[in-house]
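# Survey of secondary and tertiary structure
Chain by chain, the residues run as shown.
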Amino acid sequence: KWGAAEEGEGTVMAICKWKDEPGKGVRVKWASGNESLYRYGYRGKYDVEVVGENDKSTKAIVMPGNSVTLTVDPGEEGEAGKSGKDFDWKGAFKFEPGITFNVPYREQEEFNADFSTCMWFKAGNEDEVLTSTSLFARKYSMDGMNLIQFDVILVNASTFNVVMGNAEMVSGISVGGQGVKVGIWNHVALTVGGEDVSVFLNGTMVGREKFVGTRMGAPMGGDMVVGSEFEGYIWNLKAWNRCLTEAEVKAEGEFGALEVGSTGAFQLLVTEEAGEVGRWMGASKWDAEAEKIGGGEEEAKKEYSWKCSLIPVYDVDSVGKEEMQKLRKEYCVSTLKHDEALVKYANEICVKKMLDTSSILRVGWEDISPVKEDLTRSPLLRDLSVLEAGVGEGTLKPILARWKIIQLFNRTLHSALSLIDLSNCKREGSLALLVSRNRRLIFRSLKLPMWEMALSATANNSDSMFELKMSRSRASKNIRNYLTDNLGRWSCFGQAFRQMHSIPPHTLRRAGQLYNTTFMGERAHDAGGPYRETYCEYAAEMMSTALPLFLPSPNGRHSVGQNRDAYVPNPDTSGGAHRLDMYAFAGKIFGICVRSKDYLNLSLPSIVWKRLCNEEVNVDDLEAIDVSFVKSMESIRKIHEEGVDSETFGDIIFETFETLRSDDEKVELIEGGRDIDVSFENREEFVDLAIKFRLGEFDIMLDAICRGFSTVVPQRQLCLFSWEEVAQMVVGSPTIDIALLRSATEYSGCSAEDKHVKFFWQALKEFNQEERRAFLRFTWSRTTLPLNKDAFPQRFKLQSCGLSPADSYYPIAHTCFFSLELPAYSSLEITKDKLRYAAFNCSAIDGDDTDVGIAAANMGWEDD
C-alpha cells in the first residue's frame, strides 16, 4: 500500500521520520534491490515487521532515540610511528562522495571570536589524483550567494587551503599549506586569535595571514558539515573556543595519538541518511543482553581490527516507562499535569509563607495543604486531593504520595543542578534535556539562585547611564492619524530603537535604571518616573497598529476561544531586515525588563514565550491563538467518523493545499498547492502540513526576538523555566494584588484608619484589573506590581493633601517616588470617580520645576 509491494525478508537500512515524527518510519531494502519507506509505529501503525537479526547483516545498529554518540578505538593491526607513516589503521570513519556528518549547531560553538579546530585525515591512495574537496566546513548557499564562515579544503594531492568569509559576505582570508600526502595519515589544524589566522600540517605551522573585515557568526542555523564529497578517512575532529598555542597544536599532531587504545569521537544526528551507519561500520551482531537491559553502553563486536562502542540516546518517554506505570498504579491515578499543578501550588505557597529552599524541600504536606479557595482556583489540585489509592494493606492519599516523590526529586536535583551542563539542553538524551523537559516539576526556589547568579555574572556594574530623548507628542500625533511606524522613526519605540539598537549589548545589562529620559516638551526631571513611563509607551505601541510587529490573535479578531486580548507576531516578511532588527530590539527590551524588573504590559501567547526558553510548541499553543483553525483541521482529519468516504468527500470539502496565515493571507503548503485539491486520501497530509506551517509561521520573527533577548540576558539557565515563568519575568504578574500593595505602603500625614484612606483602599479593591493597572501607571509609571513585598524597590507612600474643599480636587501623583497626595474625599463614590478620572486622563509628566525639567519643556511639544 505504501510503496513497493514486496514479500519476504528485507534489510533495514535506516530508522527515520514519518511525517516529521522522528523514529516512526523505517527504510527497507528488499532482495530485489528496491528500497521503500514504511510506517513503523506512526499512530500505532506498522507496515512491516522486524523478524530478527542476522550475524552477517550489513545494516546499521538500530537503537531507540533520535541521536547517538559513536566512539571508535584503533585496533591491533598496524603499529605506531611518526606522523606521515603509511599506517593501515581502520579506527576511523570512511567517507565516500555523498556521505557526510552534520554536526548540529550549539550556542557555545558560534566560532565568531577566537577558536581552533583540528583533525586527522587520510585521503585516497598514492596513485589517485584528487580534486578539490571539503573536509570540514560551516557554510550556507542561497540564490547563488555563498556564506562561508570557514572551510578546510583539500585542494589536490599535496595542498590544503582554509577559506573564511567575513560579515560583509566577502573573503576575509584564504591561507593554505603544502605537504599533504595521500594514502597516509595527515594532521591539519586551524587556529584563530584576534586577526591572526594560522594553519598547521602535522604539528608544524605552514601558513599565517591577517583576517580582513568583521568576523562572521554561524550562518543560517550553523550546522557544521564533515566530509562533504571527500573520499577517505577522518578521525578525531576537535574544536575549542580559544586559540591553541603552537605547542598545543604540535601535541595534537603527534602520531602517538593514534596508538592502540586511544579514542576519538564524533557526535551526529541520526537522520534518514546518517542512519545508514552500516555502510562504514561493517557487519554487526546484536547484543541480546544489552537489548534486554535496554540502556547503558553497548559494545558491538566487529569482524575488523577495530571496535565501535555505541551509546544509545533515549527519548524521555522510553526511559523507565513500565516502572513509572507501576508506580502510578501503586500510588494513584494522577498524571503529569497533576504533578505540575502541585509544584505550581508549592511555588505560590513559598511566596505567601516566605519559605526558603530548605523549608520547601522538607516541609510536611499537612503544613501547606490547600484550603477551599486554593482548590477552587486549581481543578487539577482539587482532583488530586480527593483521590485515594490502595498501597499494600492500607490507603495513602495520592496527593501526599506525589508530594513526597516531588520533594525527593527536588532534593536530589538540588545538589546536582549546578553541575549539569545546561548548554546541552537541545541534545537528545542529554541530562540537560531530561531536566529541561521536567522543568515544571522543579521548585522555583531551586532555579532562581542559579538564574540570579547568571544575571549577576553577566551584568554591567557601571554607575553611568546614557541619555534618551523622546517626543511623545510626535508619536501621539501620528497615532491619532492611524499611521503605522514601519521604519521606526516617530513612535516612542522607534525613537528608542534608533538611539539604542546600535549600543553595545553589555551596556544594556544594568540591573537598575538604564538611561535618563528627556520627554521633549514636557516639564519632567527623570528620577525614575519618566524612565518607567517609556516602558509603558513601548508596550502600548507594540500592542497596537502604531508598530508593524504584532497583530491581534485570530481568536481575538473572531471573538472565540482563549487569549482574545493576545497579540501574535506579524507573519508578513515584506519588512525585510529592518523589520527583523525592530523585532530584535523588542527582544532587547524584554531582556532589559528582566534585569530591571520594570515590567511590560504585554499580552503575548505561549507560542511566543516558549521560544525564549526553548520549550516545545504543540497544537495546544496553536489552539490558544486560533481555535477555529484547529477545530477545522481536526474535523477534516476525522471526517471518516461522520460516515464520509472518498466518494462523498469532494461534495463536502472544497480545499486546496493552501492555508491562511494569522494575518489572513493565503499561502501554499507545497509548491503549486493552490492547484492541488484536498482529497479523502491525502487529507491527513494536508492537515499535517497546515498545522506544521501554522506552528512555524512566526519562526523568523521569534528568532529575531530571541537574538535580541540573548544579547541582554543569559540563555543557558532559561531551559529550567516554564514559559509562564519566563513571561512573568518580562510582564510581571497580570493580577494587581491590592493586598500586596497595601502591605508595601507607608503613610505620611494620614493613617490607615482615616475615613478617606479606608475609602481609598475600598475603591481600589472594587476596581477591575484594567482600572488598577491605570492607577498604578498614574502613580508609578508601571502597570504591574513586583512579585512579592520584598521585591518592591520603594514603598508606596500615601500622603495627606490639604486642598479644600477636597471633593473639588483630583489626587496628585509623584511617579518618581511612588507617592500619592490623597484629598480627604467625603464618600466612596467620589473617591472612585476622582481616582478613575486621574488614572485614565493624566498621563503627561509635567510638574518638575527644576532646571532639567524646564529645559525639557523648552524642547517643544508637537501639536497637529
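Please read all numbers here as calculations on a predicted model, not as lab measurements. (Residues numbered from 1 in each chain as written. Predicted model: local features only at pLDDT ≥ 70, side-chain atom pairs only at ≥ 80, totals over all residues. Heavy atoms only, no water.)

## A look at the overall build of the protein chain
Rule in force here: Starting at the N terminus, helices and strands are each numbered in turn, a helix being any DSSP run of H or I of at least four residues and a strand any DSSP run of E of at least two. The cut-offs for exposure are 20% and 50% of the maximum accessible area for each residue type, with area from a 1.4 Å probe on protein chains only; residues under the lower value are buried, those over the upper are exposed, and the others partly exposed. Whether two residues are in contact is decided by their heavy atoms, any of which lying within 4.5 Å being enough.
A count of helical and extended segments in the protein chain gives 29 helices and 32 strands. Considering the protein chain as a whole, with its 864 residues, one finds that 48% of them fall into the buried category. Taking all contacts inside the protein chain whose residues are at least 6 apart in sequence as the whole, residues at least 24 apart take part in 68%.

## Some remarks on the confidence of the model for the protein chain
The criterion, for reference: Looking at any residue, its pLDDT shows the predictor's confidence there, from 0 to 100.
The predicted model of the protein chain averages 76 in pLDDT, with 75% of residues at 70 or higher. Note on residues 52–91: pLDDT under 50 across the span, and 140 contacts to partners over four residues away in sequence or across chains. Note that pLDDT drops below 50 for residues 255–320; the model gives that stretch 185 contacts with residues more than four away or on any other chain.

## What about unusual backbone geometry?
A cis amide bond links serine 804 to the next residue, proline 805, at an omega of 0 degrees. Relative to the helices and strands, proline 805 resides in the loop between strand E30 (796–800) and strand E31 (812–814). For methionine 354, which is not glycine, the phi torsion reads 55 degrees and is therefore positive. With respect to the secondary-structure elements, methionine 354 resides in the loop between helix H5 (336–353) and helix H6 (357–362). One non-glycine residue with positive phi stands out, namely phenylalanine 818, at about 50 degrees. Relative to the helices and strands, phenylalanine 818 is located in the loop between E31 and strand E32 (819–822).

## Regarding the environment of aspartate 383
With respect to the element layout, aspartate 383 can be found in helix H9 (residues 379–386). Separated by 16 residues in the primary sequence, aspartate 383 and isoleucine 399 place their C-alpha atoms 9.3 Å from one another.

## Some words on helix H13 (residues 472–480)
If you check which residues of H13 are buried, you get Arg472, Ser473, Ala475 and Asn478. Turning to H13, the residues buried within the fold contact strand E23 (466–470), helix H14 (492–500), strand E24 (515–519) and helix H15 (529–542). One or two steps after H13, the chain reaches tyrosine 482, where phi turns positive at roughly 60 degrees.

## Looking at the side chain of threonine 659
Relative to the elements of secondary structure, threonine 659 occurs in strand E27 (residues 658–660). Among all residues touching threonine 659, those that are not within four sequence positions of it are Phe629, Glu665, Lys666, Val667, Leu669, Ala690 and Phe693.

## Here we look at empty space enclosed by the protein
Test applied: Think of a 1 Å grid over just the protein atoms. A cavity is a set of points where a 1.4 Å probe fits yet cannot get out, a pocket is an open set with protein on both sides within 12 Å along at least five of seven lines, and lining residues have an atom within 4 Å of a point. Grid points are joined across faces, edges and corners, and a volume is the space filled by probe spheres set on the points. Residues were grouped as follows: Ala, Val, Leu, Ile, Met, Phe, Trp, Tyr, Cys and Pro as nonpolar; Asp, Glu, Lys and Arg as charged; and all remaining residues, including Gly, as polar.
On inspection of all chains with the given rule, the structure shows two cavities of 30 Å³ or more. Around the second largest cavity, the lining residues are Thr117, Cys118, Met119, Phe136, Val152, Val162, Val188, Ala189 and Leu190. Mapped by element, the contributors of at least two residues to the lining of the second largest cavity are strand E8 (115–123) and strand E13 (186–193). Its residues assigned to classes, the lining of the second largest cavity comprises eight nonpolar, one polar and no charged.

## A few points about the packing of aromatic side chains
Where we set the bar: Each Phe, Tyr or Trp ring (for Trp, its six-membered ring) is paired with any other whose centre lies within 6.5 Å, and the angle between the two planes then decides the class: stacked below 30 degrees, edge-to-face above 60, tilted in between.
If you walk through the whole model with that rule in mind, you get 25 aromatic pairs. Arranged with centres 5.6 Å apart and planes meeting at 35 degrees, the rings of phenylalanine 466 and tyrosine 515 form a pair that is tilted. Placement of the pair is phenylalanine 466 in strand E23 and tyrosine 515 in strand E24, with a sequence separation of 49 residues. Each member of the pair, phenylalanine 466 together with tyrosine 515, is buried.

## Here's the deal with helix H10 (residues 398–416)
This is how the line gets drawn: In this analysis, the expected span of each helix is defined as 1.5 Å times one less than the number of residues it contains.
With 19 residues, H10 should reach 27 Å at 1.5 Å per residue; the first-to-last C-alpha distance of 27 Å fits that figure. Within H10, burial applies to Pro398, Ile399, Ala401, Arg402, Trp403, Ile406, Gln407, Asn410 and Leu413.

## Considering the pairing of E30
Going by this rule: DSSP-based pairing: two strands are paired if at least 2 bridges between them are found.
Where strand E29 (residues 745–748) and E30 come together, four bridges link them in parallel fashion. Directly across from glutamate 746, in E30, lies its bridge partner lysine 797. Pairing geometry for E30 and E32, over four bridges, is parallel. Residue pairing across strands places leucine 798 opposite leucine 820, the latter belonging to E32.

## Some thoughts on the pattern of salt bridges
Where we set the bar: Throughout this description, the term salt bridge denotes a Lys or Arg side-chain nitrogen within 4 Å of a carboxyl oxygen of Asp or Glu.
Using the criterion set out here, one finds 31 salt bridges in the structure. Among the ionic pairs, arginine 43 bridges to aspartate 688, the shortest N-O distance being 3.8 Å. Of this pair, arginine 43 sits in the loop between strand E3 (35–42) and strand E4 (45–46) while aspartate 688 sits in helix H22 (residues 683–696), and the two are 645 residues apart along the sequence. Arginine 43 sits in the partly exposed class, given a relative accessible area of 44%. In this structure aspartate 688 comes out as buried when scored by relative accessible area, which is 18%. Glutamate 725 serves as the salt-bridge partner of lysine 447, at 2.8 Å between the closest nitrogen and oxygen. Within this pair, whereas lysine 447 is found in helix H12 (residues 444–457), its partner glutamate 725 is found in helix H24 (residues 723–731), the two being separated by 278 residues in sequence. Overall, the relative accessible area of 1% leaves lysine 447 in the buried class. Taking the relative accessible area as the measure of exposure, glutamate 725 reaches 11% and is therefore buried. Put simply, Arg43, Glu634, Arg637, Glu684 and Asp688 are held in one network by salt bridges that share partners.

## Some points on the packing of H15 against helix H17 (residues 576–596)
The test is simple: Only the contacting stretch of a helix is used when fitting its axis, a line to C-alpha atoms as for every element, and angles between N-to-C directions run 0 to 180 degrees. With respect to orientation, any angle under 35 degrees is reported as roughly parallel, any angle over 145 as roughly antiparallel, any angle of 65 to 115 as roughly perpendicular, and every other angle as oblique. We call a crossing left-handed when the near helix sits turned anticlockwise from the far one by less than a right angle, and right-handed when that turn is clockwise.
The contact between H15 and H17 brings their axes to 12 Å, and the two run at 140 degrees. As judged from the angle between their axes, H15 and H17 are oblique. For H15 against H17, the interelement crossing comes out left-handed. Residues Tyr531, Tyr535, Tyr538 and Met542 of H15 pack against Ala586, Ile589, Phe590, Ile592, Cys593 and Ser596 of H17. Classifying every residue of the contact of H15 with H17 gives nine nonpolar, one polar and no charged.

## Comments concerning the nonpolar core
Let me state the cut-off plainly: Joining through side-chain atoms within 4.5 Å is the link that ties buried Ala, Val, Leu, Ile, Met, Phe, Trp, Tyr and Cys residues into a set, and such a set is a nonpolar core.
One finds Met500, Tyr538, Met542, Phe590 and Leu600 to be the most contacted residues of the largest nonpolar core, which totals 110 residues. The greatest single-element share of this core, amounting to nine residues, is contributed by H17. Excluding residues within four positions of it along the chain, methionine 500 makes contact with Phe466, Leu468, Leu508, Leu514, Tyr515, Phe585 and Ile592. Formed by 30 residues, the second largest nonpolar core is a distinct cluster that contains Ile736, Trp761, Leu764 and Phe775.

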